[in-house]
Amino acid sequence: PIPCVPCLLRLGVPHAALGALVGISALVGVAGSLAYPVLRRRIGIERTGLIGMFLLITCSSLAVISAFLPGSPMDLSYLSHGGSTNILDQQVNSTTEVEVTSERNWTEPEFWLSYASVLVFLTGIILARFGLWVVDLTVNQLLQEKVEEDVRGVVNGVQDSLNNTLDLLKCVLVIILPAQETFALLIFASFISINFGWFMYAMYSRSQRGHLFHFCRLVSVILPETPNQKRKEKQEEPINSEETMKMVRDMEDKLYV
């Protein structure tokens, strides 16, 4: 996840509201951790990871959509103009904008339009905590069950090193793109990394189960009168008891020869 607290404060989110939203996101994560054992018992560990990834990507897509909504500070022309030298001026302007928008009444439509991007962004990252915790617990459980004990320490060490490397890369990107006009680029990079993680897990799930989803069952539920089902019904014919006894005798003769 990208560090979004400074950008949210620049966009006018109060400190108290931000603290309350952090608590709500923690509760959503706890709900995901509580739902994990139930999902695992019902559908299995591989399918649980797929569902967690689906929820994570679906909710994170709201953050991508928020970059194009009214009130979004995204301005990619900022990079071409070399506006990094005017960061102090932009901070002063952002504080004055916060003071002006704080005087608006929340019943006015302009108030919600000015905060539409922030509201959608916060909704997406808060709801994504549910799928994130489900995926995290799934991956940790798979490492404990599928990896042999003598190499488990090596695998965990490599995983921790990759996590720290990508965390360092995240900090470098924030240093390179510190302005709120380029915050959308950090959102896009985070969303791409999540989709790459889903792709890698989907490849693993397919190698273990032989498929990702039961598309045949899905089609049979949506379209019960499919040609394939009719063909199966025609092929199902009752077996004659005399033929069955004859087959049993032939097998007994072959076994006792």
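Parameters at a glance
Residues numbered from 1 in each chain as written. Predicted model: local features only at pLDDT ≥ 70, side-chain atom pairs only at ≥ 80, totals over all residues. Heavy atoms only, no water. Axes fitted to C-alpha atoms, helices over the stretch in contact; angles between N-to-C directions. Helix = DSSP H or I, 4+ residues; strand = E, 2+ residues; numbered from the N terminus. Parallel < 35°, antiparallel > 145°, perpendicular 65-115°, else oblique. Left-handed = near helix turned anticlockwise from the far one by under 90°. Contact = heavy atoms within 4.5 Å. Nonpolar A, V, L, I, M, F, W, Y, C, P; charged D, E, K, R; others polar. pLDDT = per-residue confidence, 0-100. Patch = residues over 30% accessible without salt bridge, like charges linked within 9 Å, V, L, I, M, F, W, Y side chains within 5 Å. Areas by Shrake-Rupley, 256 points an atom, 1.4 Å probe, with all protein chains shown as cover. Salt bridge = Lys/Arg side-chain N within 4 Å of Asp/Glu carboxyl O. Buried < 20%, exposed > 50% of the residue type's maximum accessible area, 1.4 Å probe, protein only. Phe/Tyr/Trp six-rings, centres within 6.5 Å; stacked < 30°, edge-to-face > 60°.

Participant: I tried to follow the packing of helix H2 (residues 15–43) against helix H7 (residues 116–146) on my own but got confused; where do I start?
Facilitator: Two quantities define a packed helix pair, namely the angle between the axes and the distance from one axis to the other. Packing of H2 against H7 leaves a shortest axis separation of 8 Å and a crossing angle of 40°. If you check the angle between H2 and H7, you find them oblique. In this structure, H2 crosses over H7, and the sense of that crossing is right-handed. On the side of H2, the interface is formed by Leu21, Ile24, Ser25, Val28, Gly29, Ala31, Gly32, Ser33, Ala35, Tyr36 and Arg40, while H7 contributes Leu122, Ile126, Leu127, Arg129, Phe130, Trp133, Val134, Leu137, Thr138, Gln141 and Glu145. For the contact of H2 with H7, the residue count by class is 13 nonpolar, 6 polar and 3 charged.

Participant: Explain the confidence of the model for the protein chain here, please?
Facilitator: Predicted coordinates in areas of low pLDDT are best not read in detail. On average, residues of the protein chain score 78 in pLDDT, and 72% of them are at 70 or above. Here helix H5 (residues 87–102) is the element of the protein chain with the lowest mean pLDDT, 45, and helix H3 (residues 45–66) is the one with the highest, 92. For residues 84–102, every residue scores under 50 in pLDDT, and the model assigns this stretch 16 contacts once sequence neighbours within four places are set aside. Every residue in residues 229–237 is under pLDDT 50, and counting partners more than four places away or in other chains gives 3 contacts.

Participant: Explain a nonpolar patch on the surface here, please?
Facilitator: A cluster of nonpolar residues, Val151, Val154, Val155, Val158 and Leu162, forms a patch on the protein surface that exposes about 390 Å² of accessible area. Among the secondary structure elements, Val151 is positioned in the loop between H7 and helix H8 (152–176). Owing to a relative accessible area of 36%, Val151 belongs among the partly exposed residues under this scheme.

Participant: Looking at this model, I keep getting lost on the packing of aromatic side chains. Mind explaining?
Facilitator: How two aromatic rings sit relative to each other is set out by the distance from centre to centre and by the angle between their planes. Following the criterion strictly, the structure yields 3 aromatic pairs and no others. Consider the rings of Phe121 and Phe183, whose centres lie 5.8 Å apart with planes at 75°: the pair is edge-to-face. You can see Phe121 sitting in helix H7 and its partner Phe183 sitting in helix H9 (residues 183–209), a full 62 residues away along the chain. With a relative accessible area of 6%, Phe121 lands in the buried category. Residues Tyr201 and Tyr204 carry aromatic rings whose centres are separated by 6.1 Å and whose planes lie at 50° to one another, so their mutual orientation is tilted. In this pair, Tyr201 and Tyr204 are both assigned in helix H9, 3 residues apart and thus about one turn of the helix distant. Overall, the relative accessible area of 8% leaves Tyr201 in the buried class.

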